[in-house]
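What follows is each chain in one-letter form.
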Amino acid sequence: MGPHPAVAAIRLAVRRVLHDVLNQHSLNDHHRKQLDPAHEPAAPPLVLVACSGGADSMALASALAFEAPKLGVRAGGVTVDHNLQAGSGTRAAEVVTRMSSLGLAPVEAVSVTVGRAGGPEAAARDARYAALDGSAQRHGAVAVLLGHTRDDQAETVLLGLARGSGTRSLSGMAAVSGAAGRYRRPFLQLDRQTARKACMVQSLPVWDDPHNADPAYTRSRLRQEGLPALEKALGKGVVEALARTAQLSRDDADALDHWAADAGRSVRDETGRLECAKLYALPPAVRRRVLRGAVIEAGSPAGSLFARHIEEVDRLITGWRGQGAINLPGRVEARRQGGRLVIRQG
């Protein structure tokens, strides 16, 4: 008799990701061998799981611990202590013990200080990813697995929709992201209940973060009130539809980004300045991507750059009435001069 369907589902999802990691590791090793015939074969790759102790990440840790040895992959884990709740250090130590009991090694807890930039949720996320990056670098891990589920993806799409930031914002979380594809999300096609069921049937202890039900956090309100209200009004299947929208939006955004990269080179004069007439001839979705790339290149932080900023710059092309410079985040300004768009730090 095979494993419970929920356990089989999470293991299959992790197995697929580990196969991808192994294939990339083999390609990299082969490339190094071609450059240096004396190159010794690389050690088996190390994959870490980011584990908070919640159901999603505990299910992921258990699946990684089961699948990795069968494929010759080393498997470890890291938990991040955000120091936002009393007793968080004790809980982090308990998560480390649980990961060790699954057979993961190395395992560690990393304590961070959460700032205030961008709000509490964004600040915690930034601190968490910085800690995960540091852990991966210290241990030489080729990948870090994250336990985001289809439900998390649906919430991310709705948050993007609320911001009105365009197709890229609606594309949600990528299955592979980060430098050199460091972050992998095996569970984006699985719902949260599958992960929780897998923990239950394996008798894995889980911790339910009270922040996930705290109405002070936007995502928590969306999870507790927003999505249930949508399902009540529209029927079941909203989460699946939003996750499907994320994938379709990501495909569209990737194609438009590729188009914009080519267009961005064709709309510059011999000195590299953007020509307004050529920009005007581009489709709006492509033109705005070219403008956004130029503004970021000039020094504007991508995380502080919103759709309204790019719309103001776009009006220098499409609604030119002699208006002055547009001030942008990062002390960058954009102005129209002699048929050219000049974007630079002021």
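Calculation notes
Residues numbered from 1 in each chain as written. Predicted model: local features only at pLDDT ≥ 70, side-chain atom pairs only at ≥ 80, totals over all residues. Heavy atoms only, no water. Helix = DSSP H or I, 4+ residues; strand = E, 2+ residues; numbered from the N terminus. Buried < 20%, exposed > 50% of the residue type's maximum accessible area, 1.4 Å probe, protein only. Contact = heavy atoms within 4.5 Å. Areas by Shrake-Rupley, 256 points an atom, 1.4 Å probe, with all protein chains shown as cover. Lys, Arg positive; Asp, Glu negative; His and termini not counted. Charge placed at Lys NZ, Arg CZ, Asp CG, Glu CD. Pairing = 2+ DSSP bridges.

## What to know about the overall build of the protein
Helix and strand counts for the protein stand at twelve helices and ten strands. Along the three orthogonal principal directions, the C-alpha set of the protein runs to about 70 × 60 × 40 Å. Counting only residues that meet the buried cut, the protein has 44% of its 346 residues in that class. Restricting the contact set of the protein to residue pairs at least 6 apart, pairs at least 24 apart contribute 66%. For the protein, the accessible surface area stands at approximately 17900 Å², while carbon and sulfur atoms represent 54% of it. Seen as two clouds, the 45 positive and the 35 negative side-chain charges of the protein have centres 2 Å apart.

## So, the pairing of strand β9 (residues 332–337)
Two elements, strand β8 (residues 326–328) and β9, share three bridges in a ladder whose sense is antiparallel. Each bridged residue has a counterpart across the sheet, and for Leu328 the counterpart in β9 is Val332. Relative to strand β10 (residues 340–345), β9 runs antiparallel, the two sharing six bridges. Across the sheet, the residue bridging to Glu333 is Arg344, located in β10. Where β9 hands over to β10, the hairpin turn is made up of two residues, of which Gly338 adopts a positive phi near 55 degrees.

## A short note on the side chain of Glu67
Relative to the helices and strands, Glu67 is located in helix α2 (residues 55–71). When sequence neighbours within four positions are dropped, the list of residues in contact with Glu67 reads Arg11, Val14, Arg15 and Leu18.

## Brief notes about the sheet that holds strand β4 (residues 143–145)
Spatially, six strands are ordered β3-β2-β1-β4-β6-β5 in an open sheet, and the strand pairing comes out mixed. Across the chains shown, the open sheet's two edge strands, defined by having one partner strand only, are β3 (107–111) and β5 (176–177). Looking at chain direction, strand β1 (residues 46–50) and β4 are connected through three bridges and run parallel. In the strand pairing of β4, Leu48 is matched with Val144.

## Examining unusual backbone geometry
Between Ala105 and the following residue, Pro106, the backbone shows a cis peptide bond with an omega angle of 5 degrees. Even without being a glycine, Ala180 presents a positive backbone phi close to 55 degrees. One can find Ala180 in the loop between β5 and β6 (183–184). Ala180 gets classed as exposed once you look at its relative accessible area, which sits at 81%. Positioned with a positive phi, Ser203 is a non-glycine residue whose angle comes to about 55 degrees.

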